[in-house]
Amino acid sequence: MSSVTLQLLDFTGVVGENAYERKSEATLFQENWIPISLPESWDDGVSMSNQSEVSVVTNLVATGARDSKGVADEIFWEHMSITVNIVRMKKSDYNRGQLHLLDDLLIKCFSLLRKLLDNNGGGFGDSYISHWVAVVELYKEVAGCTEDASGRLVYESVACIRIILSGVVQHLKASKATKHTEVATNTLREMLDHAKAFGVIDDLLSCVATCGKSLMSGSSNLLRAACEACETIWSLIHAFEIQSRKENEPVFPLSSMYSNSLDQINIKDEYVPLMGTDYEEIVETVTQEFLRSDDIRVAIFYCLCQRLEASWSSVIQIILRCCLHNDLVARVLCGLSSSCSSVVGGGGDNTIISEVFSLISLCASFDKDSHQQDTKNLKIKVSDPSDLVLHACLLLATVAQSIDVETGENTAVSMLTSSRETQKSRLCDLAHHYSLCDGIQNFRPHSMSAMLALAYMCSLENGEAVATSIREIVVPLIPPSATLCAYLRMSTTDAQGGKVMLSYWHGIRDGCAVLLFFRLFWGGPLAIQDLGGSDIHQTLIDMLGNNQQQHSDEIGLSPLGISWIVSSLRMCLKGGSSVFRQVLLTSENVKIMGNLISDVHLKLLRYWVGPGGGKSGVKDTVDQVVFLLRIPFDASEGRHELGDMDSQSRKDMFIEIKESMDKYIQILLEVGLPGQIIKCLEHLELKDTKQTLGLLFIMVDHRSLVVELVRKGLLNPILMKSLLDDSSPTQVKLRVLQIVTGIAKMDQEFYKPIEGADILQQLKAFLTHEDPNVRAWTLSAIGEMCKHSSYFYSLLAKHNISSLLVDLLFDKDDYPQRMSTFAIARISLFSEFFHEDLRRCIHQLAKLLLSAETPIVTKRNAAICLNNLSYFSGKLSEDMISKGAMEALLKVVADCSIVALDPNRIDDVKNSPLDSTLEALATMCKNQPCRQFILSSDVYPTIGQLRESPDEDIASYSTLIFNIVSFFLDDFISTTEFTPNRSSRYFNSQLIVHQGYMGCVHNVRDIKITGNTTGTKQNTGRVRSLLYSYFLRTVIFVSIAYAIGIMDNVAEVPKEPQRMSTETFQSFGTKLNGIVKRAAL
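Residues numbered from 1 in each chain as written. Predicted model: local features only at pLDDT ≥ 70, side-chain atom pairs only at ≥ 80, totals over all residues. Heavy atoms only, no water.

### Some remarks on the overall build of the chain
- Per the secondary structure count, the chain includes 57 helices and zero strands.
- Classification of the 1081 residues of the chain by burial places 55% in the buried group.
- If you take every contact in the chain between residues at least 6 apart in sequence, the share linking residues at least 24 apart comes to 77%.
- For the chain, the accessible surface area stands at approximately 45200 Å², while carbon and sulfur atoms represent 49% of it. (Helix = DSSP H or I, 4+ residues; strand = E, 2+ residues; numbered from the N terminus. Buried < 20%, exposed > 50% of the residue type's maximum accessible area, 1.4 Å probe, protein only. Contact = heavy atoms within 4.5 Å. Areas by Shrake-Rupley, 256 points an atom, 1.4 Å probe, with all protein chains shown as cover.)

Below, the structure is given as structure tokens:
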């Protein structure tokens, strides 16, 4: 602006009827804005120039020239030129004694600049971005060269930035609502890009830190500047937030899933910030500085203490975003040490969170005073207390949720202090704000926010421990279940048809959902009693299924709200059999549960950046659904207590569930739940798969589910490799091993899919795993893989696993040692394939039988191992004798014989290894060295006595051993005069005995190890009794009769060893009895 123009614009040339008024206005502005005259000693050229220019700008502002955009733009740049000149003078060494005068002049200049910007909405037409850049650069120069003890210059300079950013926020809101031109939108975006590129947020944070440092020293001069800086920071964050929302409106995952345009949803397999990358970076910067700098935290605390509405709102919005961004912020807000994991009282005096509670209490007093028509004594005026309560309560809810996630501390003392009086006061203030909802037909956001805050404080008390004082305070404050359900059914649209919401991270119905859970959880028997005749469960299902909402965006539930709804459904099952039928015996409802763990919903959850989203959100949602789906499985086996139900109701419920299991499983198959559960594993981190794998483990007890699970890829080699990888947690490996064990145990038809899973190499590695449970369950899996046939023998040999099984007999831990005996028994069950490899285990098996420290189960398994190793041939007979196995078996017989003969100790016999030991000895009897060893033993007479044992199994085995050994006595041959024909008959009788004996043992082995006979599942004791009483003894007697020529017809004696059903045994035994009777006659 030229000097000529300045002269033309001077007020000395003003004429007309309004000249006096304008002259007076100019004088007023000059007196109020620039009440300073430079001293005579000041440099004449500088003083005259600055005085003239400032005077002209002041007059122009006073005359209203700022209302013309073109003139206003010229005024702005002229004033910027003046201000920049003054700043440069401060930087120079010129007349340093007068710096305070320059500071005063700068303050007036920035004050005038602030008013210029304020009067023009923060900018002027097309030059908007140019003004922004100039103001930012000017602020940076001032901040770097000025020490402002009074705080006025800092305040005025920061205010200039705040006014422009506030204008940006307003323009962004307007462009979002009215769809302004792309040119205008691009200008706003360029301004935000400039703010990010030139580190405006860093400068503002530095300003807040400086103010905080001053406040810590005891001076309050910079308090006003701190408040202004916080408001500016919030304006910048808010601008980025609106810009991000304009490009990508956040929608809760469940609402997205039920959206009519679901096919248009672009679910990306990469991280996409909810509010955009720029917003995330700004919030990250603020959060890290908040956590790092004591000065910033002090400044924020004092800003809250000022109790100015603008400062309150800005600070709460800032720390809410920080808390959402990083859970550690919550501990700082409550005054909790980041290094202390113990539960201590937090939220006391001089903490930021205490000031937030004070704000909520103050707003509650506004309501009380307005009801009492007494507002005269209120010193603090708040234009919109509801908005303050809304965001303050959202902050409290987020802090409570973050403390729980970050520390796992299950106590609200972390926020409410340890003072019962303070606890009650704070909780009652929250309850006051939502108690005003009664009778209202639409949601009031601040009331729902207060409900949410109280709800998440309840979640901090969500333990199984004895009721705390906080719980005693909270329970009366929770609305009745019917009221909460009414809130859930309320419309989320306001009177104008707009959507009512709390925030982009919190659902309007979340608080109702959480409080309903705690009403049911803490309500005791009365709450459970009310469940039976209510429709609470149906309301919850309708929420999850979007059944009552006209639009998907009316669901009003965030991911966290969804998890609490499912938890409440679990509580509803306490309502009895009718509720169980309606919730889990209906295909539509089970399908809704399946939708929650569907591939689409879990992907939406995975990339939802907010509470209940991300990896932890996927885990929480899947776990809650899994907990619900497994209740029938647990209850049918008596593993679920079903809470506070009375004994009769619980009994009826168990019966109902057990009788309905077939239908429940059929529904699971119909809606495709087995496949969905497997698919969940792809969305979960390995450490988070424990509950899902737990459900799969339970499901493999049911054949139809196993078939479907295998068909849907449970044994997929890629999945198995991932789950059994070295990086996988031990608990996950254990679950997978248990699942493989259950599938292998089910049927031989699953052996091929198990082979296809390609897990033998991992199993081999797990046999030397450091965790004894992993070693043990690996042995269990190998054992069950050899239960039905020798299918895996060649694969086990290929990986040299048999030698490792023998090594584990020497394991120092009892559990793997026991399971090694089980696995060895199984791999020696069907052939002599591994007998040479297992020869070296005989001595250790004998030691286990002899050791007093060996558990009974391990001794029983050791005896079965020796039995199987002797079954197919006498190849290992000499080893059985030389390595002490025979002696160990006979020692067990001797030790257990007294108990076995006592009718009053029949239960003790069942819990001893005697039956397995006698079975092993019976098998060894077919080999001459073993028979001779038994005959020469002092225990042989004892075996004869055990034929009178009250236990049928013991008596049968003893009889078999005694008769076999007696029949094959060498002196039997020497004392009998046989004709050649009779001698031939004798040896033929041996063949008959051997064949009949082998057929018997085949069936005994089948019953002993598998618990069933071919095609028939019977009581083991009854089958054995039939087997021995009708078959073994009779075969021996018939063979003797044939040998001495009493009978010739032995056609009905089996010529080859074979397995027979129970019915065949019984029929055959009856015929043989008849033969024996005829022979006796």
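### As for the pattern of salt bridges
- Scanning the entire structure with this criterion turns up 31 salt bridges.
- A salt bridge links R581 to E656, with the nearest nitrogen and oxygen atoms 3.2 Å apart. Here R581 is found in helix α27 (residues 577–584), whereas its partner E656 is found in helix α31 (residues 647–659), with 75 residues between them in sequence.
- When its relative accessible area of 17% is taken as the criterion, E656 is described as buried.
- Between E832 and K875 there is a salt bridge, with its nearest N and O atoms 4.0 Å apart. Taken together, the positions of E832 in the loop between α43 (814–827) and α44 (835–838) and K875 in the loop between α46 (856–871) and α47 (877–882) put the pair 43 residues apart, joining distant regions of the chain.
- Relative accessible area serves as the criterion here: at 46%, K875 is assigned to the partly exposed category. (Salt bridge = Lys/Arg side-chain N within 4 Å of Asp/Glu carboxyl O.)

### Topic: unusual backbone geometry
- Of note in this structure, N350 is not a glycine but carries a positive phi near 65 degrees.
- Considering the arrangement of structural elements, one finds N350 in the loop between α15 (328–334) and α16 (352–371).
- Judged by its relative accessible area of 67%, N350 is exposed.
- One non-glycine residue, T417, lies in the positive phi region at around 70 degrees.
- Of note, T417 is situated in the loop between α18 (413–416) and α19 (420–435).

### Focus: the packing of helix α12 (residues 277–292) against helix α14 (residues 309–325)
- It is the contact of α12 with α14, at a shortest axis distance of 9 Å, that shows an interaxial angle of 95 degrees. Overall, the two elements α12 and α14 adopt an arrangement that is roughly perpendicular. On α14, the residues that touch Y279, E280, V283, E284, V286, T287 and F290 of α12 are I318, I319, R321, C322 and H325.
- For the contact of α12 with α14, the per-class residue count stands at seven nonpolar, two polar and three charged. (Axes fitted to C-alpha atoms, helices over the stretch in contact; angles between N-to-C directions. Parallel < 35°, antiparallel > 145°, perpendicular 65-115°, else oblique. Nonpolar A, V, L, I, M, F, W, Y, C, P; charged D, E, K, R; others polar.)

### Some remarks on the confidence of the model for the chain
- The share of residues in the chain with pLDDT of 70 or more is 71%, and the mean pLDDT across the chain is 78.
- Across the chain, the element-wise mean pLDDT spans from 35 in helix α1 (residues 3–8) up to 97 in helix α40 (residues 772–784).
- Long-range and interchain partners of residues 1001–1030, a stretch whose pLDDT sits below 50, account for 78 contacts in this model, where long-range means more than four residues apart.
- Across residues 1040–1062, where pLDDT falls below 50, the model places 55 contacts with residues more than four positions away in sequence or in other chains. (pLDDT = per-residue confidence, 0-100.)

### Some details on the environment of S790
- You can see S790 is positioned in the loop between α40 and α41 (793–798).
- Along the chain, S790 and F830 lie 40 residues apart, while their C-alpha atoms are 6.1 Å from each other.

### Quick look at α12
- The end-to-end C-alpha distance of α12, which contains 16 residues, comes to 22 Å, matching closely the 22 Å that a straight helix rising 1.5 Å per residue would cover.
- Among the residues of α12, those classed as buried are Y279, E280, I282, V283, V286, T287 and F290. Projected down its long axis, α12 shows its buried positions confined to an angular sector of 165 degrees, all on one face. (Expected span 1.5 Å × (residues − 1). Arc of directions from axis to C-beta.)

### Considerations on the nonpolar core
- If you look at the biggest cluster of nonpolar residues, it comprises 311 residues, and the most contacted ones within it are L396, V399, M415, F633, L696 and I743.
- The element that contributes the greatest number of residues to this core is helix α10 (residues 223–247), accounting for 13 residues.
- Excluding its chain neighbours within four sequence positions, the residues that come into contact with L696 are I677, I678, L681, L709, L714 and I739. (Core = buried A, V, L, I, M, F, W, Y, C linked by side-chain atoms within 4.5 Å.)

### Quick word on the packing of helix α13 (residues 294–305) against α14
- Where α13 contacts α14, the axes come no closer than 8 Å and their chain directions differ by 140 degrees. It follows from the interaxial angle that α13 and α14 lie oblique. Of the two possible hands of crossing, α13 and α14 adopt the one that is left-handed. Residue-level contacts link I300, C303 and L304 of α13 to S311, W312, V315, I316 and I319 of α14.
- Classifying every residue of the contact of α13 with α14 gives seven nonpolar, one polar and no charged. (Left-handed = near helix turned anticlockwise from the far one by under 90°.)

### Overview of the packing of aromatic side chains
- For the structure on display, the rule yields 17 aromatic pairs.
- An angle of 65 degrees between the planes, with centres 5.7 Å apart, marks the rings of F633 and Y664 as edge-to-face. Note that F633 is positioned in helix α30 (residues 614–636) and Y664 in helix α32 (residues 661–670), a separation of 31 residues in sequence.
- A relative accessible area of 0% places Y664 in the buried class.
- Through a chain of ring-to-ring contacts, the aromatic side chains of F517, F518, F521, W522 and W564 assemble into a single cluster.
- The positively charged end of R224 is found above the aromatic ring belonging to Y155, 3.8 Å away from the centroid.
- If you follow R947 out to its NZ or CZ, it ends over the ring of F962, 3.8 Å from the centre. (Phe/Tyr/Trp six-rings, centres within 6.5 Å; stacked < 30°, edge-to-face > 60°. Lys NZ or Arg CZ within 6 Å of the ring centre and 35° of its normal.)

### Notes on the environment of L669
- Take L669: it is sitting in helix α32.
- By relative accessible area, L669 is classed as partly exposed at 22%.
- On a C-alpha basis, the gap between L669 and S587 in space is 9.9 Å, while along the polypeptide they are 82 residues apart.
- Non-local contacts of L669, meaning those with residues more than four positions away in its chain, are made with P674, S704, L705 and E708.

### A word on α30
- Taking 1.5 Å of rise per residue, 23 residues should cover 33 Å, and α30 covers 34 Å from first to last C-alpha, within 8% of that figure.
- Largest kink in α30: about 40 degrees, centred on R630, with the proline P632 one to four residues after it.
- Summarising burial for α30: 18 of the 23 residues are buried, a large majority.
- Directly after α30, the chain includes G638, whose backbone phi takes a positive value near 75 degrees. (Bend = angle between axes of the 7 residues up to and from the residue.)

### Here's the deal with the state of the cysteines
- This model, assessed by the stated rule, comprises zero disulfides.
- Here C305 stays unpaired: no disulfide links it, and the sulfur of C303, its closest cysteine neighbor, is 9.1 Å away.
- Note on C305: relative accessible area 30%, which makes it partly exposed.
- Left unpaired, C572 is separated from the closest cysteine sulfur, that of C485, by 7.7 Å.
- You can call C572 buried: its relative accessible area is 1%. (Disulfide = S-S within 2.5 Å.)

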